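Chains, contacts and geometry: an overview
Listed below are the residues making up each chain.
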Amino acid sequence: MQEKIRLCHLYPDLLNLYGDRGNILALMRRAGLRGIDFSVEAVSIGEEFNPDRYDMIFLGGGQDAEQNILRNDFVAVKGTKIKEAVAKNKVFLCICGGFQMMGNYYEEHDGHRIECLGALDVWTVGKKNRFIGDTVYTCEILPEKNTLYGFENHSGRTYLGDGVKPLAKVLCGSGNNGEDGTEGAVYKNVYCTYSHGSFLPKNPAMTDFLIKRALEVQKGEEVVLAPLASDIEDFARKALPTCKKS
Amino acid sequence: MMNVRAGAAILAARGISRGLRLLGRGATTLPGRAAIRICPQIISLLAKDQHVIVLTGTNGKTTTTHMVSGILDSLGFVVVTNVSGANLATGIATTLVEGIRIGRRARKTGQKTIYVIEADEAAFAKVCGPLHPMVCVVTNLFRDQLDRYGELAHTQAFIAKGLDDTDAQILLNADDSLVAALERGREERVTFFGMDKESMARNIVTKAAKSALGETTADASYCSFCQTKYEYRARSFGHLGDFYCPSCGYGRSEPTFSVSYNTDINDADESDKDRKEKTPGPSDVGFPVTLTYRGESITVGLPIPGLHNFYNTVAAVAACVALGEKVREPSLSFGKVSMGVELVRPAFGRMEKIKIGSKSLCLLLVKNPVGLERALSFVSQASDADGMYLLLNSNDADGRDVSWIWDVDFESRTYPEKVFVSGERYGDMYLRLAYAGIDKDRMQARPMEDCGSLVDEALAECGDGKCLYILPNYTAMLALREILVKRYHLKDFWK
């Protein structure tokens, strides 16, 4: 039987900050080249989210104006179902604003607190100055090629609670908060990062890891993915900026 | 009346200009910077009592500024304009200082002087008031360098602030919901320009839907006033179209200045090569478009090709006519202005064709997702295309974040067989193209230091009579231009 992965793209019409779409292209490509049928469904405001339909859920970043439009739908309307998907070990990839909204709250720099979903124990405090620039991390959950490349652009400082692990360690850039050297978060199968845009295309090992996890949860057993060349990605990785002090 | 401080500022700016020219360098921002430091009101003092048009927006402002200048020039006016995108306060101050002498000479020959000023969207809030414009044009608001400008809503607020510091006639793009929303509270001063809605309905936008990935550039999909999702009766490109809000009823206004066309345009994949070679399309110079104003219609050949230039053309005509009405200038009638359109030539880095032996190069500056989509659409339809060369840099002026290339719909078009890639971020661009399905055997990707020799290789593979299309972003274009001038012994073709 052909393997299938169904991805739910939450609020693609609102959360689509620079290049989030590239992550889905990467999943489609590396699943497709292995003969896995990969389908994408968009679910936005006012549309039903049924966690049992999907193996993966993608939540991108958005501009403030857009995040304000969807927050109520995300927290109050779909919130219970999204938490249910987390409890069922569905694979999530949450980027930047999506990462923040999965957490407990976002405190604006004037002290005003915006309640978020609370699906994982992280919280964010907004500051005036932004962390902007190319980033390099090392990610221990990956078996090989565990150097990750990204680009961050955020004013929120995110802190991780006890049951939540960082996705990676910062080699250059600021990461979650510019203080503790952590980047992103992992809780159950929820993977979060501040790296937006072309995160997965540049990091094929991460792409493969997410595909593998999605299949494992679906089948309830360990999965070994068919080997797949990454010469194109490796060529690009060699040309990426290396750590330089900014 | 000029005060002593202003006089000193002007002298300082002129001195610096002269010095820089002696050193063989362009003088676009330093003289203005010195002038502002000596006399912070210099822009206001120099612009007062002049005829000023100010243009802003994320895409097409340089081209539109250039078109306005070209039209006015062809009608016998003397134009003072900021060239080469020197569109911050410093560049504008430099231009105004230069304008003093140009204006004086014009008076001797009995000509009138008009200032046509392009302003950066963020700078617009500060410079618009001091410029005392008679006419302001807002071309569009697309996503552009988020790390520099922040969100589109901020850009919109900057422009609103600038507009409120003047009593100028305001020309807004009717088809851009973010721009059109600036009408609220300024109704009496606003005139709309836009695309005829029947023409829009002919433009078959098929892209995005194909890949099940949703829209590629979904700026402004929700109503500016009530946050309900807009619906569209027709679209031209990006978020431009005949939009309306099903909840509060806000929607596109009928433009007073409109542009229409008669041919069906398939903006997406252009796989039918026969059709492409026979019928002129929007990628050809001289493609006929009809401009309409108060019941009068005039058909002109598109001076600079590309669907987006339909908008730039109608905006430029509207700006000239609006100024003419404001100052009661009969030579700026709609009829005369429209005839001036065909005399306009491309602005630097925008659709320039340069002959190199039996082949040519064409430079298309691309800065943001919509700009790149327009350029890709153009290249995929150009009948003489034999090679495409993309260059991507990530300096401050480009925006340091290159993730935007992933928002561009590369997937639904066909390109010339050979594709070349360079720039400081050649790895990112190569990956994007490969993920869009361009086979790696069709691509050559080299670091920025080899970008010149890659032009040689690309030209060697380009057929006689054909054209190599080069799509650089801003600093890549500046660097490449210099290399091209040296390599092929060209004159300064960007003047």
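Residues numbered from 1 in each chain as written. Chains lettered and ligands numbered in written order. Predicted model: local features only at pLDDT ≥ 70, side-chain atom pairs only at ≥ 80, totals over all residues.

1. Re the overall build of chain B
- In terms of regular secondary structure, chain B is built from 17 helices and 19 strands.
- Looking at chain B residue by residue over its 495 residues, the buried ones come to 54%.
- Of all intrachain contacts in chain B linking residues separated by at least 6 positions in sequence, the fraction that spans at least 24 positions is 72%. (Helix = DSSP H or I, 4+ residues; strand = E, 2+ residues; numbered from the N terminus. Buried ≥ 20, exposed ≤ 12 C-beta atoms within 10 Å, placed from the backbone. Contact = placed C-beta atoms within 7 Å.)

2. Digging into the overall build of chain A
- Helix and strand counts for chain A stand at 7 helices and 12 strands.
- Relative to a compact globule of 246 residues, whose C-alpha radius of gyration would be 18 Å, chain A shows 17 Å and is just as compact.
- Across its three principal axes, chain A shows a C-alpha extent of roughly 55 × 45 × 30 Å.
- Within chain A, the fraction of its 246 residues that count as buried is 50%.
- Considering only residue pairs separated by 6 or more positions, chain A has 70% of its internal contacts joining residues 24 or more positions apart. (Rg over C-alpha atoms; globule rule 2.2 N^0.38 Å.)

3. Let's talk about unusual backbone geometry
- Look at Y11 of chain A: it is not a glycine, yet its phi comes out positive at around 50°.
- With respect to the element layout, Y11 of chain A can be found in the loop between β1 (4–10) and α1 (21–32).
- Here the phi dihedral of D49 of chain B falls at roughly 70°; this positive angle occurs in a residue that is not glycine.
- Within the secondary structure, D49 of chain B sits in the loop between α3 (42–47) and β1 (51–56).

4. Remarks on the nonpolar core
Residues and elements named next belong to chain B.
- Counting 214 residues, the largest nonpolar core has I53, L171, A319, C320 and Y469 as the members making the most contacts within it.
- With 12 residues, the top contributor of residues to this core is helix α12 (residues 308–326).
- Both domains that meet at this core, namely domain 1 (44–77 + 112–343) and domain 2 (350–487), each give it at least three residues.
- Dropping the residues within four chain positions of it, L171 is found in contact with V135, C136, V137, T191, F193, A315, A318, A319 and A322. (Core = buried A, V, L, I, M, F, W, Y, C linked by C-beta atoms within 7 Å. Domains from an automatic or database assignment.)

5. Concerning α1 of chain A
Residues and elements named next belong to chain A.
- With 12 residues, α1 extends 16 Å between its outermost C-alpha atoms, agreeing within 8% with the 16 Å of an ideal straight helix rising 1.5 Å per residue.
- Burial analysis of α1 places 11 of its 12 residues in the buried class, the great majority of the element.
- Among all positions of α1, only R21, G22, N23, I24, L25, A26, L27, M28, R29, R30 and A31 are buried. (Expected span 1.5 Å × (residues − 1).)

6. Let's talk about the pairing of strand β17 (residues 419–422) of chain B
All names here are of chain B.
- Residues V419 and V421 of β17 are buried on one face, and the alternating residues F420 and S422, pointing to the opposite face, are buried as well.
- Here strand β16 (residues 385–391) pairs with β17 via 4 bridges, running parallel. Residue L390 lies in a different strand from β17, and its bridge partner there is V421.
- Looking at chain direction, β17 and strand β18 (residues 443–445) are connected through 3 bridges and run parallel. Bridged to F420 within β18 is Q444.
- Regarding topology, helix α15 (residues 426–435) serves as the crossover connection from β17 to the parallel β18, and that connection is right-handed. (Pairing = 2+ DSSP bridges. Right-handed = clockwise from strand over helix to strand, strands pointing away.)

7. Here we look at the sheet that holds strand β3 (residues 113–118) of chain B
Residue and element names in this part refer to chain B.
- As summarised here, the arrangement of the 9 strands in space is β2-β3-β1-β4-β5-β6-β10-β12-β13, forming an open sheet in which the pairing is mixed. With one partner strand each, in any of the chains shown, β2 (78–81) and β13 (296–301) form the two edges of the open sheet. Neighbour-to-neighbour, the strand axes of this sheet turn through a mean angle of 20°, independent of strand direction.
- Relative to strand β12 (residues 288–293), strand β10 (residues 257–260) runs antiparallel, the two being bridged by 4 bridges. Bridged to F257 within β12 is Y293.
- Where helix α4 (residues 61–74) meets the sheet, its contacts fall on β1, β2, β3 and β4 (135–138), and the angle it forms with β3 comes to roughly 170°. (Axes fitted to C-alpha atoms, helices over the stretch in contact; angles between N-to-C directions.)

8. Description of the packing of helix α1 (residues 4–22) of chain B against helix α5 (residues 89–108) of chain B
Residue and element names in this part refer to chain B.
- As a packed pair, α1 and α5 sit with axes 10 Å apart at the nearest point and diverge in direction by 95°. Considering the angle they form, α1 stands roughly perpendicular to α5. Here I10, A13 and R14 of α1 come into contact with α5, specifically with T94, V97 and I100.
- Grouping the amino acids of the contact of α1 with α5 by side-chain chemistry returns 4 nonpolar, 1 polar and 1 charged. (Parallel < 35°, antiparallel > 145°, perpendicular 65-115°, else oblique. Nonpolar A, V, L, I, M, F, W, Y, C, P; charged D, E, K, R; others polar.)

9. Side note on helix α16 (residues 451–461) of chain B
Residue and element names in this part refer to chain B.
- Burial in α16 covers these residues: C451, L454, V455 and A458. Viewed end-on, α16 has its buried residues packed into an arc of 110°, placing them on one side of the element. In α16, the exposed positions that point more than 90 degrees away from the buried face belong to D456 and A460.
- On its buried side, α16 packs onto β16, β17, β18, β19 (467–472) and α17 (474–487). (Arc of directions from axis to C-beta.)

10. Here we look at the pairing of strand β8 (residues 147–160) of chain A
Residues and elements named next belong to chain A.
- Taking burial as the measure, the 14 residues of β8 include 10 buried ones, the bulk of the element.
- Bridge analysis of strand β7 (residues 122–138) against β8 gives 13 bridges, and the strand direction is antiparallel. Note that in β8 the partner of D134 across the bridge is F151.

11. What about the domain arrangement of chain B?
- The assigned domain composition of chain B is domain 1 (44–77 + 112–343) and domain 2 (350–487).
- A separation of 26 Å is found between the C-alpha centroids of domain 1 of chain B and domain 2 of chain B.

12. Here's the deal with the sheet that holds strand β11 (residues 185–187) of chain A
All names here are of chain A.
- What the 6 strands build is an open sheet, ordered β2-β1-β3-β4-β12-β11; its pairing is mixed. The open sheet terminates on both sides in strands that have one partner only, identified here as β2 (37–43) and β11. Strand-to-strand twist of the sheet, defined as the mean angle between neighbouring strand axes without regard to direction, takes the value 15°.
- The strands touched by α1 within the sheet are β1, β2, β3 (56–59) and β4 (91–95), with β2 carrying the most contacts at an inclination of about 155°.
- The strands touched by helix α6 (residues 204–219) are β1, β3, β4 and β12 (190–193); relative to β4, the strand with the most contacts, the crossing angle is about 145°.

13. Brief notes about the confidence of the model for chain B
- Of the residues in chain B, 89% reach a pLDDT of 70 or more, and the chain-wide mean stands at 88.
- What the predictor reports for the complex is a pTM of 0.82 with an ipTM of 0.94. (pLDDT = per-residue confidence, 0-100.)

14. Considerations on the interface of chain B and chain A
- Listed by partner, the interface residues are 28 residues for chain B and 33 residues for chain A.
- For the side of chain B that touches chain A, the secondary structure elements donating two or more residues are α7 (146–149), α8 (152–164) and α15 of chain B.
- Tallying contributions element by element places α15 of chain B first for the side of chain B that touches chain A, with 7 residues.
- Broken down by class, the residue content of the side of chain B that touches chain A amounts to 14 nonpolar, 6 polar and 8 charged.

15. Some thoughts on the packing of helix α6 (residues 121–131) of chain B against α8 of chain B
All names here are of chain B.
- Where α6 meets α8, the axes come as close as 7 Å, and the angle between the chain directions of the two elements is 10°. Between α6 and α8, the angle falls in the class roughly parallel. In this structure, α6 contributes E121, A122, F124, A125, C128 and G129 to the contact, and α8 contributes T155, F158, I159, K161, G162 and L163.
- Tallied by class, residues from the contact of α6 with α8 come to 7 nonpolar, 3 polar and 2 charged.

16. A few points about the environment of L93 of chain A
- In this fold, L93 of chain A is placed in strand β4.
- In this structure L93 of chain A touches N23, F58, Y191 and L210 of chain A, once residues within four positions along its chain are discounted.

17. Description of the environment of P416 of chain B
Residue and element names in this part refer to chain B.
- Counting through the fold element by element, P416 comes out in the loop between β16 and β17.
- For P416, a count of 23 C-beta atoms within 10 Å gives the class buried.
- If we skip the residues at most four places from it in the chain, P416 touches A385, D386, G387 and M388.

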